[in-house]
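# Inside the fold
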Amino acid sequence: MKKRPDKTINESSEALFTDSSDWDSVREKILGLGHQPSKKSYYPELQRKLAELNRFKSLLDQTRDAILLLEKDSGKVSDVNEYAALLLGYGRDELIGMAIDEILPINDTLNERSITAMIKRDKSKVSVEINVRVVDFDNKAYVVVVGRDITERLRHEQELQLYRTHLEVMVEERTRELSQTLQHLKATQAQLIQSEKMASLGQLVAGVAHEINTPVGAAIIVSSHMAEITKNITSAFDNSKIKKRDLQDYLEKVSEDADLVLRNLLRTSELIRSFKMVSVDQITQDKREFNVKSYINDIILSMKPKVKGNHKIEVNCPDDINITSYPGAFGQVIINLLMNSLTHAYDKNSSGTIRIDVSKDADRISLIYKDDGKGIAGEYVNKIFDPFFTTNRYGGSSGLGLHIVYNIIHQTLGGTIDCESAEGQGTTFNLTLAIK
């Protein structure tokens, strides 16, 4: 088909559609419509194709990505969408034919995704994430470059990174502060626990001292009486006035007084022995073999001044249970349990019964400590072993007694402890302790 330059565009189009010799080649080359039976059906199909192309072009122009079509061989821009021109500050016609390296420093590897910068008309740069792909049209290679403006995204990422860095510094500083605080709390807690132990020992000292005064005072009174009657009988003997009856009376009284002195001194000796054993074990914390029943009785004897009123302590333990453990730690447990009951389970001037039952298995002993006092409210039962928890803080309690018991049993004696209680039904502590 020959072109007639003197005709209008409409006339050229009419000639195109009436020249049947070139119809098939034009139709298939331009639109690829395949076989069409007549020119009447071809025109509506062309209109439909043009409408699709316009819609697609409008879609590309409205997208928020910069799209550039490049000739692969020459590296020049063949076409762009409107957003690319807007982003770079050029007119669309200005970009067509421009070398790509004036806009984008693209490397030889075209099939990749990367972050780079596009050069705008004013030579400023805009950060973009590009996708590059090679395509073929009519046996000619093109490169499609899709660039997305990531300036805001990078700004947010930088802000986020700064925030993360700041947060890491804050976390590190806070962690260091918390670590120092924790170490201080542990040191304070250890000091308080030691103070609590020494307070218990101090109570024992005061109680034993008070308890010793009674037999020692009695022994002193009886000894004074013995000295007085001995002085009288000696004077009578020196003056040759002594009678058989006087000597008999003297011997009877001396015998009675000597017996009273001996009993009071033995009582004093037993108190001192028990206190010495308990107090030394409390301080040294040495491991040795000891008899459980005897040791519990020694502790109760040492604490007798504290067990006021009509409180009764019953110990049900076989005589032959010996364990190799830490008697000081064991004694601290018994002392704290007793002090807990005497302080919290009973009202002032009330009476009650505390029972300690001990039994032995193959490699452990079981100890059940039970009082018939007021019991513990349900919401407090699971908190009684927590450090500094007490329901009697204004009464002078530190809240460390049962916490010390829990730590001693688990860490020193290799055992376990749990509590069962209900208001008005007393409290039971179930303990298991290693024999060796």
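Residues numbered from 1 in each chain as written. Predicted model: local features only at pLDDT ≥ 70, side-chain atom pairs only at ≥ 80, totals over all residues. Heavy atoms only, no water.

## Digging into the overall build of the protein chain
Each helix and strand in the protein chain was counted, giving 10 helices and 12 strands. Within the protein chain, buried positions represent 33% of all 436 residues. Of all intrachain contacts in the protein chain linking residues separated by at least 6 positions in sequence, the fraction that spans at least 24 positions is 58%. When the accessible area of the protein chain is evaluated, it comes to approximately 27100 Å², of which 52% is carbon and sulfur surface. (Helix = DSSP H or I, 4+ residues; strand = E, 2+ residues; numbered from the N terminus. Buried < 20%, exposed > 50% of the residue type's maximum accessible area, 1.4 Å probe, protein only. Contact = heavy atoms within 4.5 Å. Areas by Shrake-Rupley, 256 points an atom, 1.4 Å probe, with all protein chains shown as cover.)

## As for the pattern of salt bridges
A complete count under the given rule lists 15 salt bridges for this structure. Across the pair Arg-153 and Glu-129 runs a salt bridge whose closest N-O atoms are separated by 3.9 Å. One end of the pair, Arg-153, is in helix α6 (residues 151–238); the other, Glu-129, is in strand β4 (residues 125–137), with 24 residues separating them in the sequence. Between Asp-249 and Arg-245 there is a salt bridge, with its nearest N and O atoms 3.5 Å apart. On the criterion of helical spacing, the pair formed by Asp-249 and Arg-245 is a turn pair, its members being 4 residues apart in helix α7 (residues 244–284). In this structure Arg-245 comes out as exposed when scored by relative accessible area, which is 51%. Put simply, Lys-312, Glu-314, Arg-355 and Asp-357 are held in one network by salt bridges that share partners. (Salt bridge = Lys/Arg side-chain N within 4 Å of Asp/Glu carboxyl O.)

## Things to note about the pairing of strand β10 (residues 364–371)
Residues Ile-365, Leu-367, Tyr-369 and Asp-371 of β10 are buried on one face, while the alternating residues Arg-364, Ser-366, Ile-368 and Lys-370, pointing to the opposite face, are not. Between the end of strand β9 (residues 353–360) and the start of β10, which pair antiparallel, lie 3 residues. Taken together, the 8 bridges between β10 and strand β12 (residues 427–434) define a ladder with antiparallel strand orientation. Its bridge partner being in β12, Asp-371 is matched across the sheet by Thr-427. (Pairing = 2+ DSSP bridges.)

## Let's talk about helix α9 (residues 327–345)
The end-to-end C-alpha distance of α9, which contains 19 residues, comes to 26 Å, matching closely the 27 Å that a straight helix rising 1.5 Å per residue would cover. Counting buried positions over the 19 residues of α9 gives 17, a clear majority of the element. (Expected span 1.5 Å × (residues − 1).)

## Concerning the nonpolar core
If you look at the biggest cluster of nonpolar residues, it comprises 45 residues, and the most contacted ones within it are Val-292, Phe-330, Leu-367 and Phe-429. Residue assignment for this core shows that the elements contributing at least two residues are α8 (292–302), α9, β9, β10, α10 (401–412), β11 (416–421) and β12. Not counting chain neighbours up to four residues away, the residues in contact with Val-292 comprise Cys-317, Ile-321, Ile-323, Phe-330, Val-358 and Ile-365. Counting 23 residues, the second largest nonpolar core, distinct from the first, contains Val-80, Leu-88, Val-126 and Val-143. (Core = buried A, V, L, I, M, F, W, Y, C linked by side-chain atoms within 4.5 Å.)

## Digging into unusual backbone geometry
Among all residues save glycine, negative phi is the norm, and among peptide bonds the norm is trans. Look at Lys-123: it is not a glycine, yet its phi comes out positive at around 70°. With respect to the helices and strands, the residue Lys-123 is situated in the loop between β3 (113–119) and β4. Since its relative accessible area comes to 63%, Lys-123 is described here as exposed.

## A few points about the pairing of strand β8 (residues 322–325)
Residues Ile-323 and Ser-325 point to one face of β8 and are all buried, whereas Asn-322 and Thr-324, pointing to the other face, are not buried. Where strand β6 (residues 288–291) lies against β8, 4 bridges are found, and the strand directions are antiparallel. Considered in β8, the bridge of Arg-288 is made with Ser-325.

## Here's the deal with the sheet that holds β11
Read from one edge to the other, the open sheet built from 5 strands follows the order β7-β9-β10-β12-β11, with strand pairing classed as mixed. Only two strands of the sheet have a single neighbouring strand rather than two, namely β7 (312–316) and β11. Strand-to-strand twist across the sheet, computed as the mean angle between neighbouring axes with direction ignored, equals 15°. Judged from the 5 bridges that link them, β7 and β9 form a sheet pairing that is parallel. Residue pairing in the sheet places Val-315 in a bridge with Ile-356 of β9. The sheet contacts of α9 involve β7, β9, β10 and β12, and relative to β10 the element is tilted by about 15°. Of the strands in this sheet, β11 and β12 touch α10, which is tilted by about 140° from β11. (Axes fitted to C-alpha atoms, helices over the stretch in contact; angles between N-to-C directions.)

## Some details on the packing of α9 against α10
Packing of α9 against α10 brings their axes to within 9 Å, and their N-to-C directions diverge by 155°. By the angle between their axes, α9 is roughly antiparallel relative to α10. When the axes of α9 and α10 are compared, the crossing they make is left-handed. Residues Ala-329, Gln-332, Val-333, Asn-336, Leu-337 and Asn-340 of α9 lie in contact with α10, whose contacting residues are Gly-401, Leu-402, Ile-404, Val-405, Ile-408, Ile-409 and Thr-412. Its residues assigned to classes, the contact of α9 with α10 shows 8 nonpolar, 5 polar and no charged. (Parallel < 35°, antiparallel > 145°, perpendicular 65-115°, else oblique. Left-handed = near helix turned anticlockwise from the far one by under 90°. Nonpolar A, V, L, I, M, F, W, Y, C, P; charged D, E, K, R; others polar.)

## Let's talk about α8
Every α-helical turn comprises 3.6 residues, leaving residues that sit three or four positions apart pointing alike. The buried fraction of α8 is high, at 8 of 11 residues. The complete set of buried residues in α8 reads Val-292, Tyr-295, Ile-296, Asp-298, Ile-299, Ile-300, Leu-301 and Ser-302. One side-chain oxygen at the N-terminal end of α8 lies 3.2 Å from the backbone nitrogen of Lys-293; it belongs to Asn-291. (Polar contact = N/O pair within 3.5 Å; in protein donor to acceptor, adjacent residues only side chain to side chain.)

## Section: the confidence of the model for the protein chain
The share of residues in the protein chain with pLDDT of 70 or more is 77%, and the mean pLDDT across the chain is 78. In this model, residues 1–24 is a region of pLDDT below 50 whose contacts with residues beyond four sequence positions or in other chains number 17 contacts. Between residues 29–33, whose pLDDT stays under 50, and residues either more than four places distant or in other chains, the model counts 8 contacts. (pLDDT = per-residue confidence, 0-100.)

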